[in-house]
Amino acid sequence: MPLVAPLQTPPPAISYSKRELAAIRLTRTPPSIDGALADGEWSEAARAESFTDQQARRLATDQTIAYLAYDDKYLYIAFDCKDSQPEGVIGRELVRDARYQRDGVGGSEDSVEVIFEPFLTFKGGDFSRFSVNPLGTRSAALAGGRARKAEWNGDWDAASKRTATGWTAEMRIPWQTINYPTGKTGEKRNFVLNLSRFQYRTQTNSQWSDTGQQGFNDLMGRWVGIEPPRSAHKATLSLLPYALGFAGKTNKGQFGVDARYQPTPDFTVVGSVSPDFATVEGAIQNINFSRSERYVDERRPFFLEGQDYFQAGEFYTLGPLFYSNRIQKFDIGAKAFGKITPNDTLGVLITEDFGKRTDAVVR
């Protein structure tokens, strides 16, 4: 009788989703942010490897190794992007923050990205994203649409360097730049975390924690055992005054000020007196026929700041329930927004055009 091999149960497939990375607090001199991963410079940091091709659902052909650590002031991230054809690495963008503000830019060159979400809600609006391309151009999109005004975006650093085996990138992000819940001194927390890389030559998006072809947020990884430093955040008032002069038959001038105050890492107050919206480039409307009101993108910094906290959805053909472009101008305005619990947010906005109209919205 012929011998028949017994059936064997195949080994379970390795899951690269919902991965965990231990939080490492640096005890030695932190790495310098020059784009080069010097020998031993990242040896103390946690190491994230085995990146997965998001579409093919297998390990990426050209692998990436990432490093992550922190201290009382900064978060440190590094990427070592291996490439079998290093001459094919593409970097084009030179404008800061362009990746998250222009359609299609994110897929037009090589880049790496780190995502933090400290509240464990897995909501896209709570994600803070930081990326850099091979030219060292930085792009950031902070949770809730915070810091859309460039001056309030935060002084975070990044640098990149081409190597014989691909390219490398380093980031240094101040704790004060990101939203995170305040807790007791020494209290440990977990953050939602993911690290990703886009390879332009192969059009491959690879991730440390695989979110699948549809990009499910709950499949992202966890950064485990962080002790967010309470001393890292300092309540700061930032003022941006301006003055304009007009010379002609009648000499006149105009002045105003923008203000921003962040009492906690997860709540922000913004004010504006006599804003000069005439210097803001407006969005272009098309001339297509429409039976209802046309809605164009908001470009004015006051309304962009914390924009996500005021989005209340749409009501059938009537459009968005709050459309900020209906407020064409105002003399004085204020808004407050942020987290009141890990799962609940608050947005309050009021503007006053003296003697003409008052607008207010609460969400």
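Residues numbered from 1 in each chain as written. Predicted model: local features only at pLDDT ≥ 70, side-chain atom pairs only at ≥ 80, totals over all residues. Heavy atoms only, no water.

## A look at the pairing of strand 14 (residues 221-226)
Line of reasoning, step 1. In terms of burial, strand 14 is a largely internal element, 5 of the 6 residues being buried.
Line of reasoning, step 2. Pairing geometry for strand 1 (residues 20-22) and strand 14, over 3 bridges, is parallel. What sits directly across from A22, in strand 14, is V224.
Line of reasoning, step 3. Across 4 bridges, strand 12 (residues 189-199) lies against strand 14 in antiparallel orientation. Counterpart to R189 in the pairing with strand 14 is I226. (Buried < 20%, exposed > 50% of the residue type's maximum accessible area, 1.4 Å probe, protein only. Helix = DSSP H or I, 4+ residues; strand = E, 2+ residues; numbered from the N terminus. Pairing = 2+ DSSP bridges.)

## Thoughts on the pattern of salt bridges
Line of reasoning, step 1. Enumeration according to the criterion identifies 18 salt bridges in this entry.
Line of reasoning, step 2. Notably, a salt bridge pairs D126 with K339, separated by 2.9 Å at the nearest N-O pair. In this pair, D126 is assigned in the loop between strand 7 (111-117) and strand 8 (128-132) and K339 in strand 18 (residues 332-341), connecting sequence segments 213 residues apart.
Line of reasoning, step 3. For D353, the salt bridge identified is with K329, shortest N-O distance 3.2 Å. Taken together, the positions of D353 in strand 19 (residues 344-353) and K329 in the loop between helix 1 (301-304) and strand 18 put the pair 24 residues apart, joining distant regions of the chain. (Salt bridge = Lys/Arg side-chain N within 4 Å of Asp/Glu carboxyl O.)

## Some details on the sheet that holds strand 18
Sheet strands associate in pairs through backbone hydrogen bonding, adopting either a parallel or an antiparallel arrangement.
Line of reasoning, step 1. The 6 strands are arranged 15-16-17-18-19-20 in an open sheet whose pairing can be described as antiparallel. The open sheet terminates on both sides in strands that have one partner only, identified here as strand 15 (236-246) and strand 20 (357-362). On average, each strand axis in the sheet is tilted by 5° relative to the strand beside it, whichever way the strands run. (Axes fitted to C-alpha atoms, helices over the stretch in contact; angles between N-to-C directions.)

## Concerning the packing of aromatic side chains
Line of reasoning, step 1. Under the defined criterion, the tally for this structure stands at 14 aromatic pairs.
Line of reasoning, step 2. Ring centres of W175 and F191 lie 6.3 Å apart, and the angle between their planes is 80°; this geometry places the pair in the edge-to-face category. Here W175 is found in the loop between strand 11 (166-174) and strand 12, whereas its partner F191 is found in strand 12, with 16 residues between them in sequence.
Line of reasoning, step 3. Classification of W175 as buried rests on a relative accessible area of 0%.
Line of reasoning, step 4. Here F191 falls in the buried class, since its relative accessible area comes to 0%.
Line of reasoning, step 5. One residue, R92, lies across the ring of Y200, its end atom 5.0 Å from the ring centre. (Phe/Tyr/Trp six-rings, centres within 6.5 Å; stacked < 30°, edge-to-face > 60°. Lys NZ or Arg CZ within 6 Å of the ring centre and 35° of its normal.)

## Considerations on the nonpolar core
Line of reasoning, step 1. One finds I77, F116, F130, M171, L195 and W223 to be the most contacted residues of the largest nonpolar core, which totals 35 residues.
Line of reasoning, step 2. Broken down by secondary-structure element, the contributors of at least two residues to this core are strand 2 (46-48), strand 5 (64-70), strand 6 (74-82), strand 7, strand 8, strand 11, strand 12 and strand 14.
Line of reasoning, step 3. The residues contacting F116, other than those within four sequence positions of it, are L68, L75, I77, D126, F127, S128, F130, I173, F191, V192, L193 and W223. (Core = buried A, V, L, I, M, F, W, Y, C linked by side-chain atoms within 4.5 Å. Contact = heavy atoms within 4.5 Å.)

## Here's the deal with the sheet that holds strand 2
Line of reasoning, step 1. One open sheet accounts for 5 strands, arranged 2-5-6-11-10; its pairing is antiparallel. Looking at which strands have only one partner, the edges of the open sheet turn out to be strand 2 and strand 10 (157-163). On average, each strand axis in the sheet is inclined to that of its neighbour by 15°, with strand direction left out of account.
Line of reasoning, step 2. Pairing of strand 2 with strand 5 involves 3 bridges; the strand directions are antiparallel. Looking across to strand 5, one finds that A46 is bridged to L68.

## Observations regarding unusual backbone geometry
Line of reasoning, step 1. In this structure, K18 is a non-glycine residue whose phi angle is positive, near 50°.
Line of reasoning, step 2. Mapped onto the fold, K18 is located in the segment before strand 1.
Line of reasoning, step 3. Residue classification places K18 among the partly exposed residues on the basis of a relative accessible area of 47%.
Line of reasoning, step 4. With a phi close to 60°, L120 is a non-glycine residue in the positive phi region.
Line of reasoning, step 5. Note that L120 resides in the loop between strand 7 and strand 8.
Line of reasoning, step 6. By relative accessible area, which is 39% here, L120 ends up partly exposed.

## Examining the confidence of the model for the chain
Line of reasoning, step 1. Here the chain shows a mean pLDDT of 85. Residues at 70 or above account for 85%.
Line of reasoning, step 2. Every residue in residues 8-12 scores below 50 in pLDDT, and together they form 0 contacts with partners more than four places removed in sequence or on other chains. (pLDDT = per-residue confidence, 0-100.)

## Let's talk about the pairing of strand 7
Line of reasoning, step 1. With 7 of 7 residues buried, strand 7 lies mostly within the body of the structure.
Line of reasoning, step 2. Both faces of strand 7 are covered, namely the face carrying S111, E113, I115 and E117 and the face carrying V112, V114 and F116.
Line of reasoning, step 3. Relative to strand 12, strand 7 runs antiparallel, the two sharing 7 bridges. When the bridges of strand 12 are listed, S111 appears paired with F198.
Line of reasoning, step 4. By the bridge criterion, 5 bridges tie strand 7 to strand 8 in an arrangement that is antiparallel. Its bridge partner being in strand 8, E113 is matched across the sheet by S131.

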